[in-house]
Amino acid sequence: MKNSQRVGVQFLDIPGGRLAYDVSGPHDGALVLCVAGMGDRRASFRFLAPKLVGAGYQVACMDQRGHGESSAPWAGYGSPATGEDMLALIRHLGRPATIIGHSNAAAAAIWAAAQEPGLVCGLALVGPFLRDGKLSSILRLAEKIVTSSPLIWSRLYYPSLYKATKPDDFDKYLRDMRASLREPGRMAALRGVATEQERCRARVPELRCPVRIVMGTKDPDFPDAVAAAKDGEALIGQYTGVSLELIDGAGHYPHAELPEVTASAILPFLADVVHA
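Residues numbered from 1 in each chain as written. Predicted model: local features only at pLDDT ≥ 70, side-chain atom pairs only at ≥ 80, totals over all residues. Heavy atoms only, no water.

Caption draft 1: Main features of the side chain of Arg212. Among the structural elements, Arg212 can be located in strand β8 (residues 211-216). Of note is the side chain of Arg212, whose polar atom sits 2.8 Å from the backbone oxygen of Ala265. Those residues in contact with Arg212 that lie beyond four places of it in its chain are Leu123, Ala124, Leu125, Ser243, Glu245, Ala265, Pro268 and Phe269. (Helix = DSSP H or I, 4+ residues; strand = E, 2+ residues; numbered from the N terminus. Polar contact = N/O pair within 3.5 Å; in protein donor to acceptor, adjacent residues only side chain to side chain. Contact = heavy atoms within 4.5 Å.)

Caption draft 2: Just the environment of Ile14, in detail. Topologically, Ile14 is positioned in strand β2 (residues 10-14). Between the C-alpha atoms of Ile14 and Val59, which are 45 residues apart in sequence, the distance is 21 Å. The residues contacting Ile14, other than those within four sequence positions of it, are Leu19, Arg65, Trp74, Asp85 and Ala88.

Caption draft 3: Seen up close, the nonpolar core. Counting 61 residues, the largest nonpolar core has Leu33, Met86, Ile99, Leu123, Leu125 and Tyr158 as the members making the most contacts within it. By residue number, the principal contributor to this core is helix α3 (residues 104-115), which donates 7 residues. Each residue touching Leu33, except ones within four places of it in the same chain, is listed here: Ala60, Met62, Met86, Leu89, Ile90, Ala97, Thr98, Ile99 and Ile100. The next biggest cluster of nonpolar side chains, apart from the first, holds 23 residues, and it includes Ile247, Ala250, Ala263 and Leu270. (Core = buried A, V, L, I, M, F, W, Y, C linked by side-chain atoms within 4.5 Å. Buried < 20%, exposed > 50% of the residue type's maximum accessible area, 1.4 Å probe, protein only.)

Caption draft 4: Quick peek at unusual backbone geometry. Here the amide bond leading from Ala72 into Pro73 is cis, since omega sits at -5°, within 30 degrees of zero. Take Pro73: it is sitting in the loop between β5 (58-62) and α2 (79-93). Although it is not a glycine, Ser103 adopts a positive phi angle of roughly 60°.

Next up, the structure:
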């Protein structure tokens, strides 16, 4: 194995803006691309990524458009656009990748795998929305309020999605998140990136790569997280190989709440993908 590399933030210019990403791990390790969900930053993987690197993988973490250190604003958002951004970065890095996509980025990962199957070796979908859930008028109003304020998002809503251990640096992480979301264009990006997920889900029948679903059993984004995960497993299993790992006690961010357990759920899958 060649020497390991650890690089600070890098930028990829694509039509419409600039994507921020970082890469760590051995040059000859199989490539894994990690993308966090709406409103979050690539630092969401700050605990999981080193565990993947320690297992010999090269790990790239990308900020969605309008998030983190990626530029804002953009002319358009949506999970299909995020999927295209994933593919742009994979092409730039020069070889196929397994994608770890969280929340709406899971839908984007489905889009990427369907769009360019030769560039995507496998998908690890963390807290994915694999069925179209219709919100009541009250929940739609609540969603509008939550996604309109950096303070409400970072102080009330985002922490409520953690149901297991909060990291020691959680308060600082929230302060940094809030400062980022106060920058011009950031909240519009937060609201925009999770749109058009149904277009991504419609491409599930095109999947040919293996898929692992990772779900926290207490994920509050679902009325019944375990049932939602099993339903998604049944859906994807009609078209390609799929497996399910439930993270007991975790909420919507198992990779930050229980990174050791989440790594144990993902690493065997990565090994299977590499040796397939």
